[in-house]
Amino acid sequence: MTGNTQLTARDIMTSGVQCVGAHQSLMEAAKLMRDLNVGCLPICGDNNRLTGLITDRDIVVQCCAEGIDPATVQAGSLGGELHWIDASAGADEALAKMEQHQIKRLPVIDVQQGHQLVGLITEANLAKNLTDAQIAEFATRVYANA
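Asker: Teacher, can you tell me more about the overall build of the chain here?
Answerer: Counting its regular elements, the chain contains six helices and seven strands. In the chain, the order of α-helices and β-strands from amino to carboxyl end is α-β-β-α-β-β-α-β-α-β-β-α-α. Over its C-alpha atoms the chain spans a radius of gyration of 16 Å, differing by no more than 12% from the 15 Å that the globule rule assigns to 146 residues. Taken along the three principal axes of its C-alpha coordinates, the chain extends 50 × 35 × 25 Å. For the chain, the residues scored as buried account for 40% of the 146 residues in total. In the chain, the share of contacts with a sequence separation of at least 24, taken over all contacts with a separation of at least 6, comes to 57%. Carbon and sulfur atoms make up 47% of the accessible area of the chain, which amounts to about 7900 Å² in all. Computing the positive centroid from 10 side-chain charges and the negative centroid from 17, the chain places the two 3 Å apart.

And the structure:
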């Protein structure tokens, strides 16, 4: 990161993220995204544990563009493959995981406190904590096949 290798995922994440329930509709997810002014929401199951992420693009491409009413589809059905990082892991590890899986958002889980979602690392979080060279490398790796 910016020369400080002591930063953790918790140090660079955005905290206070809100989940959409796995059984809530895509319409409800879209309204929550609008109200929170975000393009991505974590999906939490009945046990309040993270089960996936959903983006505004997921809703448009996989539902609306297919002519499906978003009020009839549960958010949990679009969760996709889930990657996350422990809150105590190094920030460099978070960056490496995002590059490896070519993802732009990484949920942060506090494993020691009951495996609870505590935040989300986004590109904006990385931009605040990376050197110019690291930003260029991240962009090359994540957007290479986009």
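Alright, that's what it looks like, and here's the rest.
Asker: Please clarify how the environment of S25 should be interpreted in this entry.
Answerer: Following the sequence through the fold, S25 ends up in the loop between strand 2 (20-21) and helix 2 (26-36). On the accessibility criterion, S25 (11% relative accessible area) is buried. When sequence neighbours within four positions are dropped, the list of residues in contact with S25 reads P70, A71, V73, Q74 and A75.

Asker: Looking at this model, I keep getting lost on helix 4 (residues 91-101). Mind explaining?
Answerer: Residues separated by three or four positions in an α-helix point in the same direction, a consequence of the helix having 3.6 residues per turn. Taken together, the buried positions of helix 4 are occupied by A91, A94, L95, M98 and E99. Projected down its long axis, helix 4 shows its buried positions confined to an angular sector of 130°, all on one face. Taken together, the buried residues of helix 4 touch helix 1 (9-12), strand 5 (85-86), strand 6 (105-110), strand 7 (116-122), helix 5 (123-129) and helix 6 (132-143). Q102 sits one or two positions beyond helix 4 and adopts a positive phi of about 50°.

Asker: Explain the pattern of salt bridges here, please?
Answerer: Think of it this way: side chains of opposite charge can pair up when their charged atoms draw near. As enumerated under the stated definition, the model contains two salt bridges in all. In this structure, R10 engages D110 in a salt bridge whose closest nitrogen and oxygen atoms are separated by 2.5 Å. Highlighted residues: R10 in helix 1 and D110 in strand 6, separated in sequence by 100 residues. Between R34 and D35 there is a salt bridge, with the nearest N and O atoms lying 2.9 Å from each other. Using a relative accessible area of 55% as the deciding quantity, one classes D35 as exposed.

Asker: Before we go on, may I ask you to explain unusual backbone geometry in this structure?
Answerer: Of all residues except glycine, most have a negative phi; of all peptide bonds, most are trans. Phi at Q102 takes a positive value of approximately 50°, unusual for a residue other than glycine. Mapping Q102 onto the fold places it in the loop between helix 4 and strand 6. Judged by its relative accessible area of 34%, Q102 is partly exposed. Phi is positive for H115, which is not a glycine, with a value near 60°. Positionally, H115 belongs in the loop between strand 6 and strand 7. According to the relative accessible area criterion, H115 is partly exposed, its value standing at 26%.

About the thresholds
- Residue positions within a chain follow its written sequence, with the count starting from 1.
- Selection of residues for local features in this predicted model requires a pLDDT of at least 70, selection of side-chain atom pairs for listing and counting requires 80 or more, and totals for whole chains, interfaces and linings are taken over all residues.
- The side-chain values count all of the structure's non-hydrogen atoms but skip hydrogen atoms and water molecules.
- Secondary structure is summarised from DSSP: a helix means a run of H or I of at least four residues, a strand means a run of E of at least two, and numbering begins at the N terminus for each.
- We take the radius of gyration over the C-alpha atoms and set the globule estimate at 2.2 Å times the residue count to the 0.38 power.
- Under the scheme applied here, a residue whose accessible area is under 20% of the maximum for its type counts as buried, over 50% as exposed, and between as partly exposed, the area being computed with a 1.4 Å probe on protein chains only.
- For this analysis, residues touch if any pair of their heavy atoms sits within 4.5 Å.
- Each accessible area is a Shrake-Rupley result for a 1.4 Å probe, and residues are judged covered by the shown protein chains and nothing else.
- When charges are counted, Lys and Arg are positive and Asp and Glu negative, with His and the chain ends excluded.
- Charge coordinates come from a single atom per side chain, which is NZ of Lys, CZ of Arg, CG of Asp or CD of Glu.
- Taken from the helix axis, the directions to the C-beta atoms give the arc we talk about.
- Salt bridges are identified by distance alone: a Lys or Arg side-chain nitrogen within 4 Å of an Asp or Glu carboxyl oxygen.

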